Amino acid sequence: MPHKCTQCGRDFEDGSATILKGCPSCGGKKFLYIREAQRHDDVLEEKSIEAIADETKQEILEVKPAPAKEVEVYDRIESIRIVSPGSYELNIEKLAQSDEVVIRLGKEDKYMVDILSMAKKKKE
Amino acid sequence: MTFLVRTKQKISQFLRAFFRKRSSRIGIYGPPNAGKTTLANRIVRDWIGDAVGPVSEVPHETRRVRRKENITISGVNGHSITIDIVDTPGVTTKIDYNEFMEYGLEKDEAVKRAREATEGVAEAMHWLREDIDGVIYMLDATQDPFMQVNIMMVGIIESRQLPVIIVANKIDLPDASANRIKSAFPQHPVIPISGLEGDNVETLYEKMTDYFR
């Protein structure tokens, strides 16, 4: 049995994974589970989705937006980030791998590459 | 004649220097304020009557790697090892001068401390990569051991296949829990001690003689 978007009324087949990302038509995040018999009530009987929800005592499902993924520490290329003078973030995974120093300045993707540290002879 | 004797001495000196197995370097690692220098000082004082460096409650007191060589430690089991103790700056992922200002440091001084501490972490990691044969990973038993930096560091040490003893320090404090640390790192030996009071350090010495041979 299908779900309906509470915002625009678009319905989705039961078990549709599409709704997990929000309604593709309006971006709505709230969906109501509707029985097949009532599927077209909103249009035929001009009920609002909320009214149907009240009637059927179904809870409106809310899809949580996926949290904005921060770049994982080990995916970062910089070994040291200078957030502001006197404030540093250290990527110890990178520091453990080599002496090559890449510095990221501030919040934007501005990098300084220490070429000298990379030109050093590798031991063995 | 003296020429011959001197040459012979020179050669044997050279050979000794060349073939002598260098003593294992044991690095004391851990987050800032875990008590790394306090333990290093205790080890060095107990066995050669010296000290490694100053300690303070302000984090990142140790900002350079310090080393004491040829310390022979014996356990009650009769085993003994000769090691170099390497005391390292606390490893962390964030250093902010504002933290030091809360301890009453002036801004200039705090910014300088932050910069030196950052260099210190890089230096500690450099040592871990090239010069360390075994690790004592120090944790403050009153703190949460599941901090990302601890998990990462133990992972890095494991990936280098270095033997590691985890020390649960500050057990003299009321809210210390060595068990919490044991449950965080069940794959490694955990020794609860108080570096400051000297509680249970003999157990640590004994474990070191077994583990770092």
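By the naming in an unreviewed UniProt entry, chain B goes by Gtp-binding protein and is assigned to hydrocarbon metagenome.

You'll find chain A entered in an unreviewed UniProt entry as Zn-ribbon containing protein, with hydrocarbon metagenome given as the organism.

## Digging into the sheet that holds strand β7 (residues 102-105) of chain A
Backbone-to-backbone hydrogen bonds pair the strands of a sheet. The strands run either parallel or antiparallel. The strand order across the open sheet built from five strands is β8(A)-β7(A)-β5(A)-β6(A)-β4(B), with neighbouring strands paired in mixed fashion. Of all strands in the sheet, those bounded by a partner on one side alone are β8 (110-113) of chain A together with β4 (94-96) of chain B. Within this sheet the neighbouring strands show an average axis-to-axis angle of 20°, counted without direction. With three bridges joining them, strand β6 (residues 87-90) of chain A and β4 of chain B adopt antiparallel strand pairing. Each residue of the ladder has a partner; that of Ser 87 of chain A, found in β4 of chain B, is Asp 96 of chain B.

## What to know about the nonpolar core
Residues Val 121, Tyr 137, Met 138, Leu 139, Ile 166, Val 167 and Ala 168 of chain B are the most contacted members of the largest nonpolar core, which totals 59 residues. Grouped together as the second largest cluster of nonpolar side chains are eight residues, Cys 5, Ile 19, Phe 31 and Leu 32 of chain A included.

## Some thoughts on the environment of Thr 118 of chain B
If you trace the backbone, Thr 118 of chain B turns up in helix α4 (residues 107-130). In this structure, the C-alpha to C-alpha distance between Thr 118 of chain B and Ala 141 of chain B, residues 23 residues apart in sequence, is 25 Å.

## Looking at the sheet that holds strand β7 (residues 190-192) of chain B
Residues and elements named next belong to chain B. One open sheet holds the six strands; their spatial order is β2-β3-β1-β5-β6-β7, and the pairing between them is mixed. Only two strands of the sheet have a single neighbouring strand rather than two, namely β2 (66-74) and β7. Each strand axis lies, on average, 25° off the axis of its neighbour in the sheet, ignoring direction. The pairing of strand β5 (residues 134-140) with strand β6 (residues 164-169) spans six bridges and is parallel.

## Some details on the interface of chain A and chain B
In many analyses, interface size is given as the accessible surface area lost on bringing the parts together. Counting from both sides, the interface comprises 13 residues of chain A and, opposite them, 23 residues of chain B. Looking at the side of chain A that touches chain B residue by residue, the class counts come to seven nonpolar, two polar and four charged.

## Some points on the domain arrangement of chain A
Looking at chain A, the domain boundaries give domain 1 (3-62) and domain 2 (73-119). Spacing between the C-alpha centres of domain 1 of chain A and domain 2 of chain A amounts to 49 Å.

## Remarks on helix α7 (residues 201-211) of chain B
All names here are of chain B. Within α7, the full set of buried residues consists of Leu 204, Tyr 205, Met 208 and Thr 209. Across the axial projection of α7, the buried residues extend over an arc of 135°, all falling on one side. Buried-residue contacts for α7 involve β2, β3 (80-87), β6 and β7.

## Details of the UniProt feature "domain: G" (unreviewed entry) in chain B
Mapped onto the present numbering, the UniProt feature "domain: G" (unreviewed entry) falls on residues 25-170 of chain B. As a span, residues 25-170 of chain B carries 37% helix and 26% strand, and end to end its C-alpha atoms are 24 Å apart.

## What to know about unusual backbone geometry
Residue and element names in this part refer to chain B. Phi at His 60 is positive, roughly 65°, even though this residue is not glycine. The topology assignment puts His 60 in the loop between α2 (36-48) and β2. Assessed through the 21 C-beta atoms surrounding it within 10 Å, His 60 is described here as buried. You will see that Asn 200, though not glycine, has its phi angle at about 65°, which is positive. Position of Asn 200 relative to the elements: it lies in the loop between β7 and α7. In this structure Asn 200 comes out as partly exposed when scored by C-beta crowding, with 17 C-beta atoms within 10 Å.

## Points about the pairing of β6 of chain B
Within a regular strand, the side chains alternate between the two sheet faces. Residue and element names in this part refer to chain B. Burial of β6 is extensive: six of the six residues sit out of reach of the surface. Of the two faces of β6, the one lined by Val 164, Ile 166 and Ala 168 and the one lined by Ile 165, Val 167 and Asn 169 are each fully buried. With helix α5 (residues 148-159) bridging β5 and the parallel β6, this β-α-β connection has right-handed handedness. Chirality of the crossover, the property in question, places the unit of β6, helix α6 (residues 178-184) and β7 among those that are right-handed.

## Digging into the pairing of β3 of chain B
All names here are of chain B. As paired strands, strand β1 (residues 24-29) and β3 are joined by five bridges and run parallel to one another. Bridging from a neighbouring strand, Gly 27 pairs with Val 86 of β3. Across seven bridges, the pairing between β2 and β3 is antiparallel. Note that in β3 the partner of Ile 73 across the bridge is Ile 81. Here β2 hands over to β3 after five residues, with Gly 78 in that stretch at a positive phi of 95°.

Rules behind the numbers
- Residues numbered from 1 in each chain as written.
- Chains lettered and ligands numbered in written order.
- Predicted model: local features only at pLDDT ≥ 70, side-chain atom pairs only at ≥ 80, totals over all residues.
- Pairing = 2+ DSSP bridges.
- Helix = DSSP H or I, 4+ residues; strand = E, 2+ residues; numbered from the N terminus.
- Axes fitted to C-alpha atoms, helices over the stretch in contact; angles between N-to-C directions.
- Core = buried A, V, L, I, M, F, W, Y, C linked by C-beta atoms within 7 Å.
- Buried ≥ 20, exposed ≤ 12 C-beta atoms within 10 Å, placed from the backbone.
- Contact = placed C-beta atoms within 7 Å.
- Nonpolar A, V, L, I, M, F, W, Y, C, P; charged D, E, K, R; others polar.
- Domains from an automatic or database assignment.
- Arc of directions from axis to C-beta.
- UniProt positions renumbered as here; feature names shortened; annotations may be inferred.
- Right-handed = clockwise from strand over helix to strand, strands pointing away.

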